[in-house]
Amino acid sequence: MEISLQPIVSVSRGQSVAFDILTRVDLPDLGQVHLKRIAIGGALDPVDFDMSMFLVAVDTARRRMGSVSERMRLHLSLSPDVLRHEEAVADICALVDLHPGIARSMVLSLPGTAARHPDLARAARALSDAGMALALDSDGSTIHADNGLPPLQYVNVEAQVLIALADTMDIGTLDDLWARIWPGACPPIIALGVRAEETALRLIDLGVDLMAGDWFSPPRRMSRGDPHLAHGQEGGRPTLG
């Protein structure tokens, strides 16, 4: 499985602080695309796909990134299918128990449905109890405090969703937008899919610090011959070396 990494950028720090992990596939009608999850009903089994991606991410963090991975963690998306697969969840927890460094090198991004389905929330709690840091992919819907999820480190929201929410609200303070997504103490938000400078500037106005998207850097294949990923700047954009 060939993987690519896309930087997650901190605007305030002016550098990459983590990486989304994707795989590159060739589709007959769409050409070459990068995927975090596979579509339901596709030719690949979602559980097999997620577990393969997890093992590749572990290998990337431990063997190819080394100590860099603990300060620039890999964010890996999980599907609802793998969270419903008790054996797969147990395998992840067992591997983390055997190699605790995995938990320091990765963040597992839960599907948005984990906030609405108790069985998925239970699986998330098992991963959290094993030591894994968790994020949640949000579609902008309000996430209620009684969702049963363990503590989250991040909430991932598409950039255009955040901007659309802001445009439809009478925002008195920036906190009002966060409260719309997560009443109470909202974890840091990562804005995904930033493809233009004006989008990034609008997000900065909204108080968003963490962003990812092709405007900063598209996903790039990581070769074994280049174990350390730079996080400098090129043309004002943090890049993958």
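Description of the structure in this document. This one's a predicted model, so the numbers in the text were calculated from it and none came from an experiment.

### Topic: the overall build of the protein
Step number 1: Secondary structure assignment for the protein yields eight helices and twelve strands.
Step number 2: Counting only residues that meet the buried cut, the protein has 49% of its 241 residues in that class.
Step number 3: Sequence-distant contacts, at least 24 apart, represent 64% of the contacts inside the protein between residues at least 6 apart.
Step number 4: By element, 50% of the accessible surface of the protein is carried by carbon and sulfur atoms, the whole surface being about 11,500 Å².

### Regarding the environment of arginine 13
Step number 1: Turning to its location among the elements, arginine 13 is positioned in the loop between strand E1 (3-10) and strand E2 (15-27).
Step number 2: Taking the C-alpha atoms as reference points, arginine 13 and leucine 210, separated by 197 residues in sequence, lie 9.7 Å from one another.

### Quick notes on the pairing of strand E8 (residues 189-192)
Step number 1: Taking every second residue as pointing to the same face, both faces of E8 are buried, with Ile189 and Ala191 on one and Ile190 and Leu192 on the other.
Step number 2: One ladder, built from four bridges, connects strand E7 (residues 154-158) with E8; its direction is parallel. Looking across to E8, one finds that valine 155 is bridged to isoleucine 189.
Step number 3: Bridging between E8 and strand E9 (residues 210-211) involves two bridges; their strand directions are parallel.

### Description of the packing of helix H3 (residues 86-98) against helix H5 (residues 118-129)
Step number 1: The contact between H3 and H5 brings their axes to 9 Å, and the two run at 15°. The angle between the axes of H3 and H5 places the two elements in the roughly parallel class. The two elements H3 and H5 cross, and the hand of that crossing is right-handed. Contacts between H3 and H5 involve Val89, Ile92 and Cys93 from the former and Ala123, Ala126 and Leu127 from the latter.
Step number 2: For the contact of H3 with H5, the per-class residue count stands at six nonpolar, no polar and no charged.

About the criteria used
- Residues numbered from 1 in each chain as written.
- Predicted model: local features only at pLDDT ≥ 70, side-chain atom pairs only at ≥ 80, totals over all residues.
- Heavy atoms only, no water.
- Helix = DSSP H or I, 4+ residues; strand = E, 2+ residues; numbered from the N terminus.
- Buried < 20%, exposed > 50% of the residue type's maximum accessible area, 1.4 Å probe, protein only.
- Contact = heavy atoms within 4.5 Å.
- Areas by Shrake-Rupley, 256 points an atom, 1.4 Å probe, with all protein chains shown as cover.
- Pairing = 2+ DSSP bridges.
- Axes fitted to C-alpha atoms, helices over the stretch in contact; angles between N-to-C directions.
- Parallel < 35°, antiparallel > 145°, perpendicular 65-115°, else oblique.
- Left-handed = near helix turned anticlockwise from the far one by under 90°.
- Nonpolar A, V, L, I, M, F, W, Y, C, P; charged D, E, K, R; others polar.

Function-wise, these values are silent; they only describe arrangement.
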